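Commentary on secondary and tertiary structure
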Amino acid sequence: MAAEAATLREGAAGLEPAPFLKRYLVRLSALRLGGDASQVPGGDSGRRTELHLLFDQLISETCGPGGAGPGAPRPEDVCELLVQACKLVPLNQEHLVNKVCQLIHHLLNRFPVIVDEESLKYLLPYFISALKQCSTWTHVEILQALAASVYNTGSKCQKYLPDLLGENGLLVQLSSPAQTDTELKRAAVLSMANLCLSTPGQSGLEEPYRELCFQAFLSVLQSSKGSGVDDITFCMLLQNALKGIQLLLNGGKMKLTQTDHLGSLLAVLKKCMFHGLPGLNIEMPAVLYPALLPQYDSRSPDKQEKSDLRNAKMTGSRKKKPKGKQKKGKLEEELKGQPESDRGGKPEKQKLCGDALQDSDSDVWNQASSDIHSSFGNDHVPLSALGWKRISSSDSEYSDAEGGIQSKTRSFQAKVRQGALTCFLSTVKSIEKKVLYGYWSAFVPDVPGIGSPQSASLMTIALKDPSPKTRACALQVLSAILEGSKQFLSIAEDAVDHRRAFTPFSVSIASSIRELHRCLLLALVAESSSQTLTQIIKCLANLVSNAPYSRLKPGLLTRVWHQIKPYLRHKDVNVRVLSLTLLGAIVSAQAPLPEVRRLLQLPSSSGLSDGRSAIPHSATCSGVPEWRKEAPAAPGDEPLAVGNEPAEPCWLLNLCISLVVLPKEDSYSDSDTGCLPATSIYEPSPVRLESLQVLALLVKGYFSVSQSYLLELGEVACKCMEETDPSIQLHGAKLLDELGVGIIQQHKSDEAVTADQRVPVDLVVTFWTRMLNGPLLGALQNAQHPTLQTSSCNALSSILPEAFSGLPGDKQILCITILLGLNHSENPLVKAAAARALGVYVVFPSLQQDVMFVADTANAILDSLCDSSPNVRAKAAWSLGNLTDTLIINMELLGQSFQDEFSDLLLLKMLRSATDASKDKDKVKSNAVRALGNLLHFLQPSQIANPRFSQPIEESVHALISTVQSENRMKVCWNACYALGNVFKNPALPLGEALWTAQAYNALTSVVKSCKNFKVRIKSAAALSVPAERKRYGTPEQFSQIWSALVVALQRSEEAQDFLEFKYSASLRTQLCHTLLHLLSLADEVDLPAIEKAVAEHGEVIGSYMLQYLKSGVSEEEVGIGENFPERSKFLERAVEHVRSIEELLEGCPKKRGTVAYLEDILEAHNSATGLSEA
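Residues numbered from 1 in each chain as written. Predicted model: local features only at pLDDT ≥ 70, side-chain atom pairs only at ≥ 80, totals over all residues. Heavy atoms only, no water.

Per an unreviewed UniProt entry, the protein chain goes by the name HEAT repeat-containing protein 6 and belongs to Podarcis lilfordi.

What follows is the structure in structure tokens.
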């Protein structure tokens, strides 16, 4: 037997796995073929002994490091061996049943094997029968084998679920509250959890089984530890239940729609989050209900005081012997349950008081920041280590030398907390944010009331938990809660002191935001684990991105700003990158903020206690980097100055430029080696990329601060685009794009920037001349890097129109030629960017009157409008809309001369293409209908009379009508109403006579009465006021229908389905009154009966709204209209005169109570009110 074992060991040590397992398969087959046990030496007893020895050998031979590799056996061989072993073990031999289950559990955890369906058909019935027939002492091993077998095979086990998870299923009974054997319950819960695991594409558990498992897991988590149960077994039971709930949630089909379900789960998760946390023992209600403020405080002031004293001692004295460098196998050891390391393994130099965060300039705070910054550890355990494993730890994994039973217990308690937090993270991702925020106060800290203790929250774990992994988990959950919370947090406000008998909800949320800042900054300076430190900074970045700082008292961002500066020189590259990310979040948070503007202009050393600069020495030692001194200028050129130069250089801008273009100076930690080529002299690529992103955000949000660096930033962009790293090239092009957009925004007429504060146009010309002489053109033609081409196209489209005309003629032609060429690119991203850029150029004043350029652009855009990519078609439709806007501008400025020069054939092609595009997706359709309206407005009488145009014109009008009538997005419907208004402006079109007249008016009147979006109603009412002649409104019946629809719309102007529409109701009434008066001023005698009927039935409502319309006057800016109305009282007077002239022609018309008298009463009431107000 010993010789045979030695032979087997040699086989296991070889590179070929097949002989290793074949030896055991041969032995098992021989035993099966041996026939009657009586023929085996020793009889039945001998056979049992041989099987025992065989199973023991197999277990011992496969001990050691596991996993996939060249020496690992094939999954099918392992499955065959397990089935053969089970076939040799009858259920009446319980010791063998126990041993074979140990073997199955061992092998399936030792090797990465997923049991195939054929093997499950034998194994699962075997386990079910064993649980029914064998004694209870065997059930733990049977259940562990069952759990290992069903791992990731749930979809193949549907046939056996009734026996396992049915109403009286085995697992249900063994995991019920009535089960007193905790070890047995733990194994049953593990099996149940593994059945819940489903991978994408698998069916997973059906609803009844999901609900049953959820309730079973919840029951376990709600139970308390019995008197005879040891702590470690109870921790493992909780871990398995948490694992099961997490797998249910990750499967995607478990919806926590019932308040009791969610409340019960959150209650037990909060309880488990603090399981075993030193100095803290909270008691939770069975269900958490959505509430604004904490519903309870489980700790009495006495207990809280003692707890805080213990924690203070622990924090101040928490020390550990210095550790050596982590070895390669350390991760596996930690995963097997070694005690959690302390905060990075280095002693903290002092304890920090929460009050230190109240004053960012405090000497205590700055000293703490400096000292703790210098004591960071080097803990690089990945968060993936927190994932669930299907192995169950055994006592052999621990020894007295590794810390004893107390260390082992603390480790398992920490794993429960980690499991609860990981499960909480899955819960956060599986429910709607608006539901989650109802439980905000239960998990997010708030400023405690006077004499009240701080409530337990996620930040309690982040600040007090001794395990870095657990702290990182808590911060991950908090980040997930904060992500996307902008709308919820937007109600916060404390800019004004509230002195009321109650605390408004907005103030409560604001105080919670302030407490989050305080706690996270405290955690930042207290943390020495790099892994956890990254999570703190991520959490801060999420908070900064979502908090409404414009509604809060200033100072919060200043504290974050000063405390993150030291970490820009941290030895861990991930910390440096995330510190830059946080600074980027600050400069992009509701930009521009006065507080951030002041911070940008502070000296570089501000906020650092020891006077150090966060900027690398090479960027400051000589004042200005050498590459910035080389400002190339043509001979004889005057120096160009940028207006509004800041008195103090922007330290953040200098820092980012230095990180991007200057060689690195310090030796960094090992974490840099993974992202830095061996020969690179620059900062690691992630640091440079993040610096470029911060520069782009700075330019976007605070262009006035960065405009003095315009030429330098342009050189940075050029240097990046000259490099070989595609990511650096891409971010350089994006920076260039942001610079161009910033210049354009600053030069817009509606910007409140004086001329002397703007970048001079001649400097912009110089800037773009340098860019076009640099690597930009090469990037545009780099077909191997289409993403770079796309960004370069976007940058080229951000040239200031006034500067484009100042460029040399050859550069202008070069830009146009490149864009027209790229419009034929095979890559949809490049083609879309080129089509959009052409749409920008076509509205340049220097190009829009060039008929040849407009025609070339039109042909290019029409080509893109037929592309197979929806994105290309959407960009092309937008550009076509811009091009048709140019046609209208040229028609108004140049008259018929431009229309005569423009090709009829091209115009017809544009009309047909736009009509086809109006049937496309909404993103294409919204601009296609805009183009149709402009084209139909642009048509000349000769073209309308041309038979070739007849059918396309009719199809185009019908396309607009159907777009107005169909259920489209509001933007599409708004554009279609606007387009019909443009169609009505063309006097050559047969409006009022054509068959489509009634359809067009019916579509608009339907929208003006019933559309749920008030801006669309306003635009449809505006379109109805466009025709300047009575005959263009069609028959008297048509006119009457339009009038009646407008009156109904006026009555419904305060009936909004969405309360957000109410802010447009006054604008809607103004437009409706204007349109009604316009119709009155055009009415014929045949139209008066319908008008008089409406006045008689709804005169009081119309009169009140008309008085409001007259009272608002021309000086009031109406939201959403954009129409310049004539002085309204004079408009009414003209309508009165017109109607009076018609009534005087009619014999027998009543003189006192006709329409004229009604309108005169309105006018008189208005004049009286005006006279009284003036008096």
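Quick word on the overall build of the protein chain
For the protein chain, the count of helices and strands is 54 helices and 0 strands. Split into buried and exposed, the 1175 residues of the protein chain put 55% on the buried side. Here the protein chain displays about 50,600 Å² of accessible surface, and carbon together with sulfur accounts for 52% of that area. (Helix = DSSP H or I, 4+ residues; strand = E, 2+ residues; numbered from the N terminus. Buried < 20%, exposed > 50% of the residue type's maximum accessible area, 1.4 Å probe, protein only. Areas by Shrake-Rupley, 256 points an atom, 1.4 Å probe, with all protein chains shown as cover.)

Describing the packing of helix α26 (residues 573–588) against helix α30 (residues 685–701)
Following both chains from N to C, one finds α26 and α30 inclined at 5°, their axes separated by 9 Å at the closest point. When the interaxial angle is binned, α26 and α30 end up roughly parallel. Counting all contacts with α26, which are made through Val573, Arg576, Val577, Leu580, Thr581, Gly584, Val587 and Ser588, the residues of α30 involved are Pro686, Val687, Glu690, Ser691, Val694, Leu697, Leu698 and Gly701. Here the residues of the contact of α26 with α30 sort into 9 nonpolar, 5 polar and 2 charged. (Axes fitted to C-alpha atoms, helices over the stretch in contact; angles between N-to-C directions. Parallel < 35°, antiparallel > 145°, perpendicular 65-115°, else oblique. Contact = heavy atoms within 4.5 Å. Nonpolar A, V, L, I, M, F, W, Y, C, P; charged D, E, K, R; others polar.)

A look at the packing of helix α21 (residues 468–482) against helix α24 (residues 530–546)
Packing of α21 against α24 leaves a shortest axis separation of 9 Å and a crossing angle of 15°. In terms of axis orientation, α21 runs roughly parallel to α24. Handedness of the crossing formed by α21 with α24: left-handed. Here Pro468, Arg471, Ala472, Leu475, Gln476, Leu478, Ser479 and Leu482 of α21 lie close against α24, whose contacting residues are Thr532, Gln535, Ile536, Lys538, Cys539, Asn542, Leu543 and Asn546. (Left-handed = near helix turned anticlockwise from the far one by under 90°.)

A closer look at the pattern of salt bridges
Counting across every chain of the model gives 25 salt bridges. Notably, a salt bridge pairs glutamate 1137 with arginine 1140, separated by 2.7 Å at the nearest N-O pair. Here glutamate 1137 and its partner arginine 1140 are both found in helix α53 (residues 1128–1145), 3 residues apart, which amounts to about one turn of the helix. By relative accessible area, arginine 1140 is classed as partly exposed at 22%. (Salt bridge = Lys/Arg side-chain N within 4 Å of Asp/Glu carboxyl O.)

Topic: the nonpolar core
Ranked by internal contacts, the top residues of the largest apolar core, which has 355 residues, are Leu652 and Tyr841. Looking at this core, the element that brings in the most residues is helix α12 (residues 231–250), giving 12 residues. Setting aside anything within four residues of it in sequence, one finds leucine 652 in contact with Trp561, Leu583, Val587, Leu600, Val694 and Leu698. (Core = buried A, V, L, I, M, F, W, Y, C linked by side-chain atoms within 4.5 Å.)

Let's talk about a nonpolar patch on the surface
On the surface, a nonpolar cluster with roughly 250 Å² of combined accessible area is contributed by Ile889, Leu893 and Leu894. Within the secondary structure, leucine 893 sits in helix α41 (residues 870–894). (Patch = residues over 30% accessible without salt bridge, like charges linked within 9 Å, V, L, I, M, F, W, Y side chains within 5 Å.)

Some points on the packing of aromatic side chains
For the structure shown, the criterion picks out 19 aromatic pairs. Where tyrosine 126 meets phenylalanine 127, the ring centres are 6.3 Å apart and the plane angle is 70°; that geometry is what we call edge-to-face. Their ring planes at 75° and their centres at 6.5 Å tell us that phenylalanine 898 and phenylalanine 938 sit as a pair that is edge-to-face. Residue phenylalanine 898 is found in helix α42 (residues 896–901), and its partner phenylalanine 938 is found in helix α44 (residues 922–938); the two are separated by 40 residues along the sequence. Both residues of the pair, phenylalanine 898 and phenylalanine 938, count as buried. Taken together, the ring pairs in this structure connect Tyr437, Trp440, Phe488 and Phe505 into an aromatic cluster. (Phe/Tyr/Trp six-rings, centres within 6.5 Å; stacked < 30°, edge-to-face > 60°.)

A closer look at the side chain of serine 1065
Of note, serine 1065 is situated in helix α51 (residues 1065–1082). Ignoring sequence-local partners within four residues, the contact set of serine 1065 consists of Phe1014 and Ser1053.

Some details on the side chain of threonine 532
Of note, threonine 532 is situated in helix α24. The exposure class assigned to threonine 532 is buried, which follows from its relative accessible area of 1%. In this structure, threonine 532 is in contact with Pro468, Arg471, Ala472, Leu475 and Glu527, ignoring residues within four places of it in sequence.

Concerning helix α34 (residues 761–773)
With 13 residues, α34 extends 18 Å from end C-alpha to end C-alpha; this agrees with the ideal 18 Å at 1.5 Å per step. Buried within α34 are the following residues: Leu763, Val764, Val765, Phe767, Trp768, Arg770, Met771 and Leu772. Here the buried face of α34 lies against α32 (710–721), α33 (726–747), α35 (776–780), α36 (786–796), α37 (801–806) and α38 (809–822). (Expected span 1.5 Å × (residues − 1).)

Structural notes on the environment of serine 956
For serine 956, the location among the structural elements is in helix α46 (residues 947–965). The class of serine 956 is buried, set by a relative accessible area of 0%. Taking the C-alpha atoms as reference, serine 956 lies 8.0 Å from alanine 914; in sequence the two are 42 residues apart. Non-local contacts of serine 956, meaning those with residues more than four positions away in its chain, are made with Leu911, Thr915, Leu932 and Leu936. At 2.7 Å, the side chain of serine 956 forms a polar contact with the backbone oxygen of proline 952. (Polar contact = N/O pair within 3.5 Å; in protein donor to acceptor, adjacent residues only side chain to side chain.)

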